[in-house]
Amino acid sequence: MKNWIPIFVVGLFVQSASSWAADRPNILLAIADDWSYGHAGAYGCQWVKTPNFDRIAREGILFQRAFTPNAKCAPSRATILTGRYSWQLEQAGNHMCIFPAKFGGYVERLAADGYVAGYTGKGWGPGIARDASGKLRKITGVAYQKRKAKPPARAISNIDYAANFTEFLGQVPDGKPWVFWFGTTEPHRGYEFQSGLRLGKKLSDIDRVPGYWPDNEMTRNDMLDYSVEVEHYDSHLGLILAALKEAEQLDNTLIIATSDHGMPFPRVKGQAYADSNQIPLAIRWPRGVMGKGRVVEDFVNFTDLAPTILQAAQVSEAAPLMQSISGRSLFDIFQSSASGQVNPERDHVLVGKERHDIGRPQAGGYPIRGICEGDWLYLHNYETGRWPAGNPETGYLNCDGSPTKSYVLDQRRTGAEIVFWNMCFGKRPVEELFNVKVDPDCIINLATSTEHEVLLARLKGRMERELKSQGDPRMFGRGAIFDGYPYSNKGTDHFYERYMAGEKLKAGWVRPTDFEEKPLD
């Protein structure tokens, strides 16, 4: 079974889509920054309050197995925009990259087809996106950033996302459809320490700390502070829903509520375990989605969003602005009233990564490819001599600074505990295999088990066949091309070599104490 759909096939669905919606729908993507799967009331979570996300799920579809193929901001968002896997996007498959002009996104495509396009907060990035003439692209539309409001905690942005959206909505001409990207910078680091306690939460509210972190007050405070920022995203989502209702546009708006990847904690963001790539996803569109309160178990991923949006907007051709799309429209799920597994062919997703942040010798990344199928996650690590979260002597720069990170690092330095450091920062074997149903934290590696030899070989074979069909350079011996792409910020070039030579360099997303005094290998 192929995991792609030729873009010309989208046109076959236009009549069906038109019968569901008399007018072309508006499109709203509501995307948080670093929000993990499961941390919403709709998923049964009690310590993160998300009544507005829950409403979208209750009035539409809640997806239980939604994934980003790449758990880092820029490549994940590039996948959403283009409908292509990050390893199909050349430079845009990296973080802090230069986005090739030839890879257009769905926002630009809809803008060319009559939609009014705008965004507030965080769009695509970090990186630079210019068109073929060198002009900055409106890759997520025209920016609406002027409205400000006092945030509930320090380190939360003062951008009034909902007010900016309302301003945008008021400027859309009557009868014109619109596409809007509502992107919070929350719950990205940093956090106001103990803001959760200050706002009335309790450490005991958290029902479970993942097994790869120590369960103590420091970690639980960090998790509560994270929940405050998720709730900030959700509160603005609620205000946007109210604005749509007031404008009588709520039911003719396709609303996609999600996050770009997992939470900014050790072993999650920037890695490829289940908690890294699995993301929350709820979709509401009464005029285009059958039923309400459906909970879907199909494996879907971010390459599926662009073809879904194009189909909903009745755009039959992605070209010439966009390249061919690898994902599959979700209309098979929309047009069913079923919950559970709707389409048996949606039985897996691919995940992976190349170069994320700076800090390794010769600007090296940590390449991974993997496949999630049923209850199983198989991962292949291609450069096991490298440090997964970045070199210790340059601060483990693919892991944001945090109280949890600092605690784990200090435990290793003092000799008090090394187990958590090994899980979060230690080097890895070539192959990893996890049963995520019984081991959701991906701690018990079954790759060397003779009992699982046949399963591992089958998963690896399926993954590699699909990657080859997608033209992944790493499958053809050309994976090093990703390490050779330039950074968007020239000041970060040769960071490792310059830092080790004594140059005073800063990396603002980690703490000064994250840097080890000397290499650990």
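Residues numbered from 1 in each chain as written. Predicted model: local features only at pLDDT ≥ 70, side-chain atom pairs only at ≥ 80, totals over all residues. Heavy atoms only, no water.

A. Broad picture of the overall build of the protein. A count of helical and extended segments in the protein gives 15 helices and 14 strands. Against the 2.2 N^0.38 benchmark of 24 Å for 521 residues, the protein shows a C-alpha radius of gyration of 22 Å, consistent with a compact globule. Along the first, second and third principal axes, the C-alpha atoms of the protein reach 65 × 50 × 50 Å. For the protein, the proportion of its 521 residues judged to be buried stands at 62%. Looking at the protein alone, contacts between residues at least 24 apart form 75% of all its contacts between residues at least 6 apart. (Helix = DSSP H or I, 4+ residues; strand = E, 2+ residues; numbered from the N terminus. Rg over C-alpha atoms; globule rule 2.2 N^0.38 Å. Buried < 20%, exposed > 50% of the residue type's maximum accessible area, 1.4 Å probe, protein only. Contact = heavy atoms within 4.5 Å.)

B. The arrangement of the sheet that holds strand β7 (residues 178-183) in detail. The strand order across the open sheet formed by eight strands is β6-β4-β7-β1-β8-β9-β2-β10, and the pairing between neighbours is mixed. The outermost strands of the open sheet, each flanked by one partner alone, are β6 (142-143) and β10 (294-301). Sheet topology note: the strand β8 (residues 253-259)/strand β9 (residues 281-284) ladder contains four bridges and is antiparallel. Residue pairing across strands places Thr258 opposite Leu281, the latter belonging to β9. (Pairing = 2+ DSSP bridges.)

C. Helix α13 (residues 453-469), seen in detail. Given a rise of 1.5 Å per residue, 17 residues ought to cover 24 Å, and the 24 Å separating the end C-alpha atoms of α13 matches this to within 8%. Turning to α13, its buried residues number three or more, namely Leu455, Leu456, Leu459, Gly461, Arg462, Met463, Glu466 and Leu467. Here the buried face of α13 lies against β11 (348-353), β12 (368-373), β13 (376-381) and β14 (431-435). Two residues or fewer past α13, Gly471 is found with a positive phi of approximately 75°. (Expected span 1.5 Å × (residues − 1).)

D. Geometry of the sheet that holds β14. Pairing in this open sheet of four strands is antiparallel, and the strands run β11-β12-β13-β14 from one edge to the other. Unpaired on one side and paired on the other, β11 and β14 mark the two borders of the sheet. If you compare each strand with its neighbour and ignore which way they point, the axes differ by 15° on average. For β13 and β14, the ladder comprises five bridges, and the chain directions are antiparallel. When the sheet's bridge partners are listed, Leu379 is paired in β14 with Glu432. Where α13 meets the sheet, it contacts β11, β12, β13 and β14, and its direction lies at approximately 115° from that of β12. (Axes fitted to C-alpha atoms, helices over the stretch in contact; angles between N-to-C directions.)

E. Geometry of the environment of Thr253. Inspection of the secondary structure puts Thr253 in strand β8. Taking the C-alpha atoms as reference, Thr253 lies 9.3 Å from Pro177; in sequence the two are 76 residues apart. With residues near it in sequence (within four places) discarded, Thr253 still touches Asn26, Ile27, Leu28, Trp178, Leu244, Arg284 and Trp285. Within the local environment of Thr253, its side chain forms a polar contact with the side chain of Asn26, the two groups lying 3.4 Å apart. (Polar contact = N/O pair within 3.5 Å; in protein donor to acceptor, adjacent residues only side chain to side chain.)

F. Here's a closer look at the pattern of salt bridges. Per the counting criterion, the structure on display carries 40 salt bridges. Between Arg198 and Glu192 there is a salt bridge, and its shortest N-O distance comes to 2.9 Å. Arg198 sits in the partly exposed class, given a relative accessible area of 46%. A network of salt bridges, in which partner residues are shared, links Asp347, Glu373, Arg458, Arg462 and Glu466. (Salt bridge = Lys/Arg side-chain N within 4 Å of Asp/Glu carboxyl O.)

G. Geometry of unusual backbone geometry. Looking along the chain, the bond that leaves Glu186 and enters Pro187 is cis, with omega of 5°. Inspection of the secondary structure puts Pro187 in the loop between β7 and α6 (195-198). If you check the backbone angles, Met96 has positive phi at about 50° while not being a glycine. Here Met96 lies in the loop between α3 (73-82) and β3 (97-99). The buried category is assigned to Met96, whose relative accessible area is 10%.

H. Molecular detail of the layout of surface pockets. There is about 810 Å³ of room inside the largest pocket. As for the largest pocket, its lining consists of 31 residues, of which Tyr37, Gly38, Asp275, Gln278 and Pro440 are closest to the centre. Tallying contributions element by element places strand β2 (residues 61-67) first for the lining of the largest pocket, with three residues. Of the residues in the lining of the largest pocket, the class split is 16 nonpolar, seven polar and eight charged. (1 Å grid on protein atoms, 1.4 Å probe; cavity = no way out; pocket = protein on both sides within 12 Å on 5 of 7 lines; lining within 4 Å. Points joined across faces, edges and corners; volume = space filled by probe spheres on them. Nonpolar A, V, L, I, M, F, W, Y, C, P; charged D, E, K, R; others polar.)

I. Quick look at empty space enclosed by the protein. The full count for this structure, using the stated rule, is two cavities of 30 Å³ or more. Roughly 40 Å³ of internal volume is contained in the second largest cavity. Around the second largest cavity, the lining residues are Ala66, Phe67, Ile279, Leu281, Val300, Asn301, Phe302, Asp304, Leu305 and Leu330. Secondary-structure elements contributing two or more residues to the lining of the second largest cavity are β2 and β10. When the residues that make up the lining of the second largest cavity are grouped by side-chain class, the tally is eight nonpolar, one polar and one charged.

J. Summary view of the pairing of β10. The buried fraction of β10 is high, at six of eight residues. Here β2 pairs with β10 via six bridges, running parallel. Residue pairing for β10: Arg65 is matched across the bridge by Phe299.

Read these as layout, nothing more, since geometry by itself doesn't imply function.
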